[in-house]
Structures are given as structure tokens and as C-alpha cells.
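# Coordinate inspection notes
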Amino acid sequence: MLEGPRPQVPAELAARAAERGGRLLRRRRVLHRLGLLALVAGVAAFTVWAVVAEPWQTPPAGTTPPLEGWWAG
């Protein structure tokens with residue numbers, strides 16, 4: 001099989017492959033950076049929401065407790 005005739009390969013094949021690889025690498029870097037930026041923006045938005053809403057606090061009671069004692073009348 002190795003001793004048989006070899007097919008002709010286009011002369012610009014290596015250059016095209018290198019160009020395509022470079023494009024794929026740049027695209028991957030851009031997508032990685034966009035994903036990281038989205039993650040940072042999400043964490044920042046969650047932090048701002050948590051500081052403003054304070055979800056760890058108990059909500060205020062809907063009714064007030066009855067008055068008891070001498071001032072109740």
C-alpha cells in the first residue's frame with residue numbers, strides 16, 4: 001500500500017489548514033471570553049440583587065400582635 005502511487009496534494013493545503021486552524025482558535029477564544037464576561041455579569045447582577053432585596057431577612061409580619069397590658073385599655 002505504501003509502495004503504490006501517491007495522490008497529488010494541493011500546494012496550498014498546508015496554508016489553508018493553518019488559516020482555518022487560526023480562525024477556529026480565535027473563535028474559541030472569543031467565545032470563551034464572552035462566556036466569562038456573561039458569568040461575571042451574572043454574578044454581579046446576583047450580588048446587587050442580594051444586597052438590595054436582602055433575601056436572608058424574614059419578611060415583615062402581615063398582622064400586628066394584640067396589645068396586652070395596662071395601656072391596652
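The structure we're discussing is the one just above.
These lines cover the structure that appears in this document, whether it is placed above or below. (Residues numbered from 1 in each chain as written. Predicted model: local features only at pLDDT ≥ 70, side-chain atom pairs only at ≥ 80, totals over all residues. Heavy atoms only, no water.)

If you tally the helices and strands in the protein chain, you get one helix and zero strands. For the protein chain, the C-alpha radius of gyration of 34 Å lies well beyond 11 Å, the compact-globule estimate for 73 residues. If you line up the protein chain on its principal axes, its C-alpha atoms span 110 × 25 × 10 Å. Every one of the 73 residues in the protein chain was classed for burial, and the buried ones make up 3%. As displayed, the protein chain offers around 7,400 Å² of accessible surface, 67% of which is attributable to carbon and sulfur atoms. Both charge centroids of the protein chain, one from 9 positive and one from 5 negative side chains, sit 17 Å from each other. (Helix = DSSP H or I, 4+ residues; strand = E, 2+ residues; numbered from the N terminus. Rg over C-alpha atoms; globule rule 2.2 N^0.38 Å. Buried < 20%, exposed > 50% of the residue type's maximum accessible area, 1.4 Å probe, protein only. Areas by Shrake-Rupley, 256 points an atom, 1.4 Å probe, with all protein chains shown as cover. Lys, Arg positive; Asp, Glu negative; His and termini not counted. Charge placed at Lys NZ, Arg CZ, Asp CG, Glu CD.)

This part takes up the pattern of salt bridges. Across all of its chains, the model carries two salt bridges by this definition. Between Glu12 and Arg16 there is a salt bridge; the shortest N-O distance is 3.4 Å. For Glu12, a relative accessible area of 40% gives the class partly exposed. (Salt bridge = Lys/Arg side-chain N within 4 Å of Asp/Glu carboxyl O.)

For the structure on display, the rule yields one aromatic pair. Centre to centre, the rings of Phe46 and Trp49 are 5.7 Å apart; their planes meet at 40°, and the pair counts as tilted. Of this pair, Phe46 and Trp49 both sit in helix α1 (residues 13-53), three residues apart, which is roughly one turn of the helix. Using a relative accessible area of 53% as the deciding quantity, one classes Phe46 as exposed. Residue Trp49 is classed as partly exposed on the basis of its relative accessible area of 45%. (Phe/Tyr/Trp six-rings, centres within 6.5 Å; stacked < 30°, edge-to-face > 60°.)

The next point concerns a nonpolar patch on the surface. Residues Val30, Leu31, Leu34 and Leu37 make up a contiguous nonpolar surface patch of about 400 Å² in total accessible area. Here Leu31 lies in helix α1. (Patch = residues over 30% accessible without salt bridge, like charges linked within 9 Å, V, L, I, M, F, W, Y side chains within 5 Å.)

With that settled, the discussion passes to the environment of Val51. Within the secondary structure, Val51 is located in helix α1. A sequence separation of eleven residues divides Val51 from Gly62, and the C-alpha atoms of the two residues are 23 Å apart.

This paragraph deals with α1. Its 41 residues give α1 an end-to-end C-alpha distance of 59 Å, which sits within 8% of 60 Å, the value for a rise of 1.5 Å per residue. Where α1 terminates, the next one or two residues include Glu54, which has phi positive at roughly 45°. (Expected span 1.5 Å × (residues − 1).)

Along the chain, Pro66 falls in the segment after α1. Judged by relative accessible area, Pro66 falls into the exposed class, the value being 65%. For the pair Pro66 and Val43, spaced 23 residues apart in the sequence, the C-alpha separation amounts to 43 Å.

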